[in-house]
Amino acid sequence: FILEHNFQIIIENTIAQCDYHQEGIYNLLSFIDGRYILYSVSVNNFYLESGTLFYTSKRQLKKCSNSIKFFSKKYEEDFLKYIEEN
């Protein structure tokens, strides 16, 4: 997505926010093509900067599942089904 200048697709498919314990940094979760992407953004003065960006594993998703805030109940239901599969 980054190399093809399609970061907007990641933003448009963001479904939730995970807590991150540092002020000004937000972990966000997108769902694209059947896979979850975890990425972070930080607010730096008047700029918004992207940080970490990677396809995440179920193990990593389980770690943030206690603090995740979904933007829709449907997204939450789909996420829980995905986590419970195999």
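Residues numbered from 1 in each chain as written. Predicted model: local features only at pLDDT ≥ 70, side-chain atom pairs only at ≥ 80, totals over all residues. Heavy atoms only, no water.

1. Topic: the overall build of the protein
Point 1. Scanning the protein from terminus to terminus reveals three helices and five strands.
Point 2. Tracing the protein from N to C terminus, the helices and strands come up as α-β-β-β-β-α-β-α.
Point 3. By residue count, 29% of the 86 residues in the protein fall in the buried class.
Point 4. For the protein, contacts bridging at least 24 residues in sequence account for 34% of all contacts bridging at least 6.
Point 5. On the protein, roughly 6300 Å² of surface is accessible, and the fraction owed to carbon and sulfur atoms is 50%.
Point 6. Across the protein, the centroid of the 9 positively charged side chains sits 8 Å from that of the 11 negatively charged ones. (Helix = DSSP H or I, 4+ residues; strand = E, 2+ residues; numbered from the N terminus. Buried < 20%, exposed > 50% of the residue type's maximum accessible area, 1.4 Å probe, protein only. Contact = heavy atoms within 4.5 Å. Areas by Shrake-Rupley, 256 points an atom, 1.4 Å probe, with all protein chains shown as cover. Lys, Arg positive; Asp, Glu negative; His and termini not counted. Charge placed at Lys NZ, Arg CZ, Asp CG, Glu CD.)

2. Some points on the packing of aromatic side chains
Point 1. Under the defined criterion, the tally for this structure stands at five aromatic pairs.
Point 2. Plain terms: the ring middles of Phe 7 and Tyr 39 are 5.8 Å apart, the flat faces sit at 80° to each other, and that makes the pair edge-to-face. In this pair, Phe 7 is assigned in helix α1 (residues 7-12) and Tyr 39 in strand β3 (residues 35-44), connecting sequence segments 32 residues apart.
Point 3. Arranged with centres 5.7 Å apart and planes meeting at 85°, the rings of Tyr 36 and Phe 79 form a pair that is edge-to-face. Note that Tyr 36 is positioned in strand β3 and Phe 79 in helix α3 (residues 73-84), a separation of 43 residues in sequence. For the pair Tyr 36 and Phe 79, one class covers both residues: buried.
Point 4. Geometry around Tyr 55 places Arg 35 over its ring, the cationic atom sitting 3.7 Å from the centre.
Point 5. In this arrangement the basic side chain of Lys 58 is found over the ring face of Tyr 82, its NZ or CZ atom lying 4.9 Å from the centre. (Phe/Tyr/Trp six-rings, centres within 6.5 Å; stacked < 30°, edge-to-face > 60°. Lys NZ or Arg CZ within 6 Å of the ring centre and 35° of its normal.)

3. Some thoughts on the environment of Ile 11
Point 1. Mapped onto the fold, Ile 11 is located in helix α1.
Point 2. Each C-alpha atom, one on Ile 11 and one on Leu 29, is 9.2 Å from the other, the two residues being 18 residues apart in sequence.

4. Considerations on α3
Quick reminder: α-helices carry 3.6 residues per turn. Residues three or four places apart thus point the same way.
Point 1. Counted at 1.5 Å a residue, the expected span for α3 with its twelve residues is 16 Å, and the 17 Å between its end C-alpha atoms agrees.
Point 2. Between a side-chain oxygen at the N-terminus of α3 and the backbone nitrogen of Lys 74 the separation is 3.1 Å; the capping residue is Ser 72. (Expected span 1.5 Å × (residues − 1). Polar contact = N/O pair within 3.5 Å; in protein donor to acceptor, adjacent residues only side chain to side chain.)

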